[in-house]
Amino acid sequence: MRDGLQATALSVASMFSDGVGKLNRIHRLVPWLVVFVLLLPVPQLVTIGLSDYYVYLINKICIFILLTVGLNIVKGFCGQVTVGHVGLYAIGAVSSTLLSIHLGLSFWVSFPLGVLLAGLAGIVVGLPSVRLEGAYLALATLRLGESVRIMIAVTPFLGSSTGLMLIPSPEIMGFVFDSFQSYYYLVMTAALVGLYLSFSLLRSATGRAFMAIREDVIAAGVHGIDVPRHKLLAFVISALYAGAAGALFAHMPPGYIHHNNFIIIEMVTLLLMVVLGGIGHIWGGVIGAIVVTVIYDQTLEYYFCQPLMFGLSMVLLVMFMPQGIGGVIDRSISTRRFIALRQRREAAEGQDHGAA
Amino acid sequence: MALLETRQLSKNFGGLRAIADLDISVETGSIHGLIGPNGSGKSTFFNLVTGIYWAERGSTVIFGGRDITSLPSHRIGAMGIARTFQLLRLFQEMSVLENVMVGHHMHVPYGLFTTILNSGHVERRDAVIREEMMDLLSFIGLADYADMPASELSGGQRRLLSLGRAMAMKPRLLMLDEPAAGLSPVNVDRLLDIIMRLKDRYGLTILIVEHILKVVMETCSTVTVLDYGRKIGEGTPATVKDDPAVIEACLGQEMNDDEVRAMLHEGASSGR
Ligand SMILES: Nc1ncnc2c1ncn2[C@@H]1O[C@H](COP(=O)(O)OP(=O)(O)OP(=O)(O)O)[C@@H](O)[C@H]1O
Ligand SMILES: [Mg+2]
């Protein structure tokens, strides 16, 4: 009896000491699984009071979340300016579409291939970052992004003015993701996985290297960080996110993409999400994606002045709240902590005085 | 034996010869001083050795018997050269602990794939690194500030942090660019004490640029004097101090330590 207990205790202890790999991982995943489960009934809840269209909107938010995460990695953490992100999004969308339409590949093959192609394109977009900085880098990436769109717009094979339609819906074991509601499970899962992976990455040495490059390139290099490699890595990772977002967008019902989906205005919208949420705050990007998508949707009837409105709010944001929502929350937490610390210290001093 | 050796090291900025045919040899285990008036090329020398500037053709830098002249910064760092900067170049928005963890970057025992596929492993390894870095922070007296952004430290604490960040690289050669600039006399002594203890603990070789003569006189075994990018004197602190050419170049006229320090204080505070 005693021995049995001891053995159990020992095995539990060893689980905590070195067989912990698995246990730990499960442990870490628990909050994510909880969120996943909580998010599952969202389309049902939404359609109680609202139309199916709002599920579509939520799907778009999930896709935008993937985009903001990617953009945040390269811009917020590695400090590299890029305006070519929509180009990569387009590459993911178009390549996955073409692979599934012309080669008849299933979504589960065309999707990773599309993501991979976007990642390769990310190397091209990232290469200028090795030499250029700031505005010049912005111009270079802008040109690359726009040239992707123009190529799509003028090549019939890539859709040109009619766009690509009848893009097949993903299917798994007879279950077809061909409605907004069913597609939601796909994009929501993708957004959560994307968020989870970004946290793993950014908490690691790679994340610290990115931030060091953002803070001071020269000091980063001197401390043993291969700067060009890490810049490229950041671009490639963000391109993978953009490619995933693009491919998911393409296969979403109604299965139609057009080069207008990839215009520079989309990039402004995306930047607005990231800036509003707070550059360098992954969760901020999530908030930004939700807020901006909802505002965008509510102002659709004023479509003619939307670009102006979004551009203007961007300028105002940068001027008056450059740290974004995430930054404001961060600041208020640290301020509160600081005040608490000081109060505690003052209280302690007060006691000293009382004693004296 | 020389740990670091330069031969015919030169650097031009446009028409300006910032470093001209400089031969310097830093002995293993020594503390080597590099002094000279403002603009004489001391920081440029550091930047050349650590791969921040390209040296002119014909220059050679040898470290530990290997030619490192055209290596990029991070490779030079990986070979065992750490340095601090005159203007510190801390990672301002990162915490004190994160700053030294970046210094430790090249010793991190996991790669990108592990990072993505096994974050549990990464977390455990990072916990070990964090502990080791906290030790280092206690050693330099910054443990209490571990979670504070580097930008919120005082001037003196920042200097210490830049030293700690360099030490986290576990270097063989530590190059310090005016580590004591702007410190109060008490803190200069404290810093010297820390540097000497680090040297003994890790068996470092140190190359130090310093205007505060006391630092140079008390710590260095050899001193090289630069003027207009050329070597104008070399030897023990005592011999260099009495060399007329050095006095002429460095001081122009006789100045006592306090005057020199006062002058440099101004320079340091306006630089920041
Ligand atoms: N990036 C640069 N571009 C052009 N000129 C430079 C550059 N860096 C340094 N110089 C010039 O090279 C010369 C040497 O500068 P350096 O910074 O090496 O001097 P220093 O000895 O470190 O001086 P101080 O004691 O003031 O720090 C100066 O004349 C300076 O103007
Ligand atoms: Mg200097």
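Student: Can you lay out the overall build of chain A for me, pointing to particular residues and giving the numbers?
Tutor: Across its full length, chain A carries 15 helices and 2 strands. Here chain A, with 356 residues, has 44% of them falling under the buried criterion.

Student: Outline the sheet that holds strand β9 (residues 222-227) of chain B, supporting the account with residue identities and numerical values.
Tutor: Residues and elements named next belong to chain B. With respect to topology, 6 strands assemble into an open sheet ordered β6-β7-β8-β3-β9-β10, the strand pairing being mixed. Sheet topology places β6 (81-83) and β10 (230-235) at the edges, where each strand pairs with a single neighbour. Direction aside, neighbouring strands of the sheet carry axes that sit 20 degrees apart on average. Relative to strand β8 (residues 205-209), strand β7 (residues 173-177) runs parallel, the two sharing 5 bridges. Paired with Asp-177 across the bridge in β8 is Val-209.

Student: Tell me about the confidence of the model for chain B, and please be specific about residues and values.
Tutor: Residues and elements named next belong to chain B. Looking at chain B as a whole, its pLDDT mean stands at 89, while 92% of the residues score no less than 70. Considering only residues more than four positions removed or in separate chains, one finds that residues 266-272, a stretch of pLDDT under 50, has 6 contacts. Interface scoring of the predicted complex returns ipTM 0.90; its pTM is 0.87.

Student: If you had to explain the nonpolar core to someone new, which residues and values would you point to?
Tutor: Core analysis: the largest hydrophobic core is formed by 167 residues, its most contacted members being Leu-66, Leu-67, Val-187, Ala-245 and Leu-248 of chain A. Of all the elements, helix α11 (residues 227-251) of chain A adds the most residues to this core, at 17 residues. Each of domain 1 (2-80 + 171-271) and domain 2 (94-158) of chain B accounts for three or more of the residues forming this core. For Val-187 of chain A, the residues in contact, after removing those within four places along its chain, are Asn-59, Cys-62, Ile-63 and Leu-248 of chain A.

Student: Requested: an account of the domain arrangement of chain B, with residues and values cited.
Tutor: All names here are of chain B. The domain boundaries assigned to chain B delineate domain 1 (2-80 + 171-271) and domain 2 (94-158). For domain 1 versus domain 2, the distance between C-alpha centres works out to 28 Å. Between domain 1 and domain 2, the contact holds 6 residues from the first and 4 residues from the second. Mapped by element, the contributors of at least two residues to the side of domain 1 that touches domain 2 are α2 (73-79) and α7 (185-202). Taken together, the residues that form the side of domain 1 that touches domain 2 break down as 3 nonpolar, 3 polar and no charged.

Student: Tell me what's going on with the site of ligand 1, and back it up with residues and numbers.
Tutor: Residue and element names in this part refer to chain B. The environment of ligand 1 is formed by Phe-13, Leu-16, Ala-18, Gly-36, Asn-38, Gly-39, Ser-40, Gly-41, Lys-42, Ser-43, Thr-44 and Gln-86. Elements represented by at least two residues in the shell around ligand 1 include exactly β2 (16-27) and α1 (42-49). For the shell around ligand 1, the per-class residue count stands at 3 nonpolar, 8 polar and 1 charged.

Student: Before we move on, can you summarise the confidence of the model for chain A with the specific residues and values?
Tutor: All names here are of chain A. For chain A, the mean per-residue pLDDT works out to 84, and 90% of the residues sit at or above 70. Taken element by element, chain A is modelled with least confidence in helix α1 (residues 2-17), mean pLDDT 48, and with most confidence in helix α10 (residues 217-222), mean pLDDT 97. Contacts of residues 10-21 to residues separated by more than four positions or lying in other chains number 5 contacts, the stretch itself having pLDDT below 50.

Student: If you had to explain unusual backbone geometry to someone new, which residues and values would you point to?
Tutor: Here Pro-253 of chain A and Pro-254 of chain A are connected by a cis peptide whose omega angle stands at 10 degrees. One non-glycine residue, Met-173 of chain A, lies in positive phi territory at about 45 degrees. You can call Met-173 of chain A exposed: it has 4 C-beta atoms within 10 Å. For Glu-178 of chain B, which is not glycine, the phi torsion reads 50 degrees and is therefore positive. The residue Glu-178 of chain B is located in the loop between β7 and α7 in this model.

Student: Could you give an account of the environment of Phe-310 of chain A, naming the residues involved and the relevant values?
Tutor: Residues and elements named next belong to chain A. Looking at the element boundaries, Phe-310 is found in helix α14 (residues 306-320). Considered as a pair, Phe-310 and Leu-271 are 39 residues apart in the sequence and their alpha carbons are 9.8 Å apart. Discounting chain neighbours no more than four positions away, the residues touching Phe-310 are Val-268, Thr-269 and Leu-272.

Student: Could you give an account of the pairing of strand β1 (residues 2-13) of chain B, naming the residues involved and the relevant values?
Tutor: Sheet faces and side chains relate simply in a regular strand, where the side chains alternate between the two faces. Residue and element names in this part refer to chain B. The pairing of β1 with β2 spans 8 bridges and is antiparallel. Paired with Leu-4 across the two strands is Val-26, which belongs to β2. Once β1 ends, the chain turns through 2 residues before running back antiparallel as β2, passing Gly-14 with a positive phi of about 60 degrees. Relative to strand β4 (residues 60-63), β1 runs antiparallel, the two sharing 4 bridges. Across the sheet, the residue bridging to Arg-7 is Thr-60, located in β4.

About the thresholds
Residues numbered from 1 in each chain as written. Chains lettered and ligands numbered in written order. Predicted model: local features only at pLDDT ≥ 70, side-chain atom pairs only at ≥ 80, totals over all residues. Helix = DSSP H or I, 4+ residues; strand = E, 2+ residues; numbered from the N terminus. Buried ≥ 20, exposed ≤ 12 C-beta atoms within 10 Å, placed from the backbone. Pairing = 2+ DSSP bridges. Axes fitted to C-alpha atoms, helices over the stretch in contact; angles between N-to-C directions. pLDDT = per-residue confidence, 0-100. Contact = placed C-beta atoms within 7 Å. Core = buried A, V, L, I, M, F, W, Y, C linked by C-beta atoms within 7 Å. Domains from an automatic or database assignment. Nonpolar A, V, L, I, M, F, W, Y, C, P; charged D, E, K, R; others polar. Near = placed C-beta within 6 Å.

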